[in-house]
Amino acid sequence: MATSTAPHVPLGDEPEPAAKLRDAAVQRTWPKAVRLSSLADACEQFVGRAGFERAPWLTIAFAAGVAAWFALDAPWEWSAFIGACLIAAIAAAALWRGDRNRAALQLAVITTSLLLAAGVGTVWARSALVGAEPITRTSVTIIVGRVLDRQEQPAQQRIRLVLAIRDAEAGIARKIRINLPAADATPAMTEGAVVRLRARLSPPAPPMLPGGYDFARRAWFDGLAATGSALGPVEVVENAPQVRGLAQVQRRLAAHVREQVDGSAGTIAAAFASGDRGAIDLGDEKAMRDSGLTHLLSISGVHVSAVIAAGYLLALKLLALSPWLALRIRLPVLAAGVGALAGVGYTLLTGAEVPTVRSCIGALLVLTALAIGREPLSVRMLATAAFLVLLVWPEALIGPSFQMSFAAVLAIIALHESRPVKAFLAAREESWLARQGRRLAMLLATGLVIEAVLTPIVLFHFHRAGLYGAFANVIAIPLVTLISMPAIALGLLLDTVGLGRPAWWVSEKSLEALLAIAHWTADQPGAVKLMPQMGAGTFALFVVGGIWLALWHGRVRLLGLVPVAAAAVALVMTPVPDVLVSTDGRQVGITGEGERLLMLRETRSEYVRDNLLETAGLSGEPISLKDWPGAQCSRDFCTLAIERDGRKWALLMALNRERVEERALASACERADIVIADRWLPASCRPTWLKADRKMLEQTGGLAIYLPDERIETVAASQGDHGWWHKPPDRTPAKPTNSVIAP
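Residues numbered from 1 in each chain as written. Predicted model: local features only at pLDDT ≥ 70, side-chain atom pairs only at ≥ 80, totals over all residues. Heavy atoms only, no water.

Q: Give a detailed account of a nonpolar patch on the surface, specifying residues and quantitative values.
A: Judged by side-chain polarity, Leu246, Val249, Val344 and Leu348 come together as a nonpolar surface patch covering roughly 300 Å² of accessible area. Breaking the nonpolar patch down by element, the ones donating at least two residues are α7 (246-260) and α12 (331-349). Among the secondary structure elements, Leu348 is positioned in helix α12. (Patch = residues over 30% accessible without salt bridge, like charges linked within 9 Å, V, L, I, M, F, W, Y side chains within 5 Å. Areas by Shrake-Rupley, 256 points an atom, 1.4 Å probe, with all protein chains shown as cover. Salt bridge = Lys/Arg side-chain N within 4 Å of Asp/Glu carboxyl O. Helix = DSSP H or I, 4+ residues; strand = E, 2+ residues; numbered from the N terminus.)

Q: Explain the state of the cysteines to me, and be specific about the residues and the numbers.
A: As used here, a disulfide is simply a covalent bond connecting the sulfur atoms of two cysteines. Enumeration according to the criterion identifies 2 disulfides in this entry. Cys633 shares a disulfide with Cys638; S-S distance 1.8 Å. Here Cys633 and Cys638 share a disulfide; its torsion about the S-S bond, 110°, makes the bridge right-handed. Taking the relative accessible area as the measure of exposure, Cys638 reaches 0% and is therefore buried. Counting only the cysteines that take part in disulfides, in the order they occur along the protein chain, gives the pairing 1-2, 3-4. (Disulfide = S-S within 2.5 Å. Buried < 20%, exposed > 50% of the residue type's maximum accessible area, 1.4 Å probe, protein only.)

Q: Pulling in residues and values, what's your account of helix α3 (residues 55-71)?
A: It helps to recall that an α-helix has 3.6 residues per turn; residues three or four apart then point in one direction. Relative to the 24 Å expected for 17 residues at 1.5 Å per residue, α3 spans 25 Å between its end C-alpha atoms, a close match to the ideal helical length. By the burial criterion, the buried members of α3 are Pro56, Thr59, Ala61, Phe62, Ala63, Gly65, Val66, Ala68, Trp69 and Phe70. (Expected span 1.5 Å × (residues − 1).)

Q: Now, about the confidence of the model for the protein chain: what can you tell me, with residues and values included?
A: Mean pLDDT over the protein chain works out to 82, with 88% of the residues at or above the 70 mark. When pLDDT is averaged over each helix and strand of the protein chain, the minimum, 48, is found for helix α1 (residues 16-29) and the maximum, 94, for strand β9 (residues 579-581). In this model, residues 1-14 is a region of pLDDT below 50 whose contacts with residues beyond four sequence positions or in other chains number 4 contacts. Segment residues 21-34 is flagged for pLDDT under 50; beyond a separation of four residues in sequence, or across chains, it makes 3 contacts in the model. (pLDDT = per-residue confidence, 0-100. Contact = heavy atoms within 4.5 Å.)

Q: Please provide a residue-by-residue account of the side chain of Asp284, values included.
A: Its place among the elements puts Asp284 in helix α9 (residues 282-290). Within the buried core, Asp284 has no salt-bridge partner, and the shortest N-O distance to an opposite charge, that of Lys286, equals 11 Å. Discounting residues that sit within four places of it in the chain, Asp284 has contacts with Ser264, Leu515 and His519. (Lys, Arg positive; Asp, Glu negative; His and termini not counted.)

Q: Outline the pattern of salt bridges, listing residues and values.
A: Tallying each qualifying case throughout the model produces 18 salt bridges. The network of salt bridges with common partners includes Lys286, Arg289 and Asp290.

Q: Outline the sheet that holds β9, listing residues and values.
A: Taken together, 6 strands build an open sheet; the order of strands is β12-β11-β10-β9-β18-β19 and the sheet is mixed. Edge positions in the open sheet fall to β12 (623-624) and β19 (711-714), since each of these has one partner strand only. Bridge count between β9 and strand β18 (residues 703-706): 3 bridges; the pairing is antiparallel. In the strand pairing of β18, Val581 is matched with Leu703. (Pairing = 2+ DSSP bridges.)

Next comes the structure, spelled out in structure tokens:
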């Protein structure tokens, strides 16, 4: 038998046909490994070809971790998420150890995983440190507490006191917030004073409806255990120290400005000068909101930037008058220091709220960049500011203020860094009129881009958006930054020598013009668009697409249009709830019966009415069910038959808590598909599909019911086991079925 005499060829040195055969054999043997390697190669090549800012993605990863903590329900899920991230980081370090071809990918996976875990851990720690356990039930009690903060609200004829009290029953200190009529307030009820009063206290309210404003979550991170109102007079047990605090200076400043500027313009001038918005008329505030100008009322980026820019430029020009200083000192650095002091002082004077502090941090970073000769406005600078804010206040991520301010600035930076815009704004030989025309066109385009970016955020949080805000802001922002705020600052300065009247007149006329723009814009047909509740998944698609569009360069950025388009389609197809039930079961809203909302009970509460209208995506005054021809109402119950997709639904809704003969109630329930009541109903009440009584609503919170799909959304579904949401103990929620609801 012949033996082979072919020489041995080392692996990798064989002829090309043999190498191809070997590679094919390897692919057949280890297809998964090859596919994973190919995927890693593709990722490495993609990152290498597409130009993008790497540093901002670190902030994105940290923010995603914070968002994951809010989205996940229980501590074990948060722990599992952190563990999975750490495992991914360790696996990347071990798998590609020493592999130079995977260095960029390895670093990306490790840093992203660690920052995701850090985001979850940071907000979890923040919640554990500052979260205040709410009181368990509503009660009327006598309290003695020290005033921590006093908030003037003349527009609503009340003041708010934040008190530190000692809960004798629980044996712990609590922070609570009390409303009392302005007529019952005295100047002695200020920070540091000890007061005694009788008050009705309640736990901070959860969302009234799915997707509604979650005050309980806000109160948790603010450290508030209860809110309520004073019943009767308030006694000052101990006067405040004579040392005047910053809050008292702020109130005196606001009062002084309102004395100098009359009417509604004075209330807005006081807000610009001191951050005190309590005196702004509700009608003016609504007009500012519907016209897309409400951001001007809160001290944020526009105001802080204007103050810092004024301080910087004024210091730079004045210091340049001295040749000795100009030759020996870097004036931009010194001017930046003056601007920083002006910004920090203004932030403290206006209350140092989170949006103001956030804006101040961003402006200080811009000043630092100017002082060291770097690009003052860049994505990296914005990412640094966002990271610093989230590191201290991670809960700010889910608030509209944080999202809107950073989204607007990111949109401006991304737009002006794009090649078409750079080409459009490039210097060229042209007339002054043509140059100003291009600048005006760019200003309008910037406003339109900002409005497009902010619309999903506004719709998600408020279910409404002003359609003409871009055009209103083109006029309003220069009016405020170039005329109103400088005039207010000049008026305060000249008041020290009694010559501020001309400056106050200018500020008054400019702010009257601002209000005229707001009211005119808000009154235009179609100025406000209402939409039903946007789902979290739809909003996430908008966010992912927007971030992708902003952070990548070249054609690859256009891939961000895919999730944006998908989100837009999902938003348009979002159904309107057929029945809305409030958390307490007292308020029921019914849609689809005409152009207006049907309400079970009439209410004077604008909060309740606006929640129902915004969640339903409807405008106009609601109609009481008692006045609706298709409804039949007695003293105790209302019945209504509605049709959806060819099926009729019978609704039975309680009007009061009076006792009803059980047999009659059982008979009425048997004929109904849905029963809604703000009280406990007996087991004999068995509707054919859903019994939403007090027992169920205590577990689920408010409801949004979609009849064609037989689907129910609840407030509880979005709360999980976070500290601000508490279910009553030892109760099982009644779950809807296709036959009978278990009691």
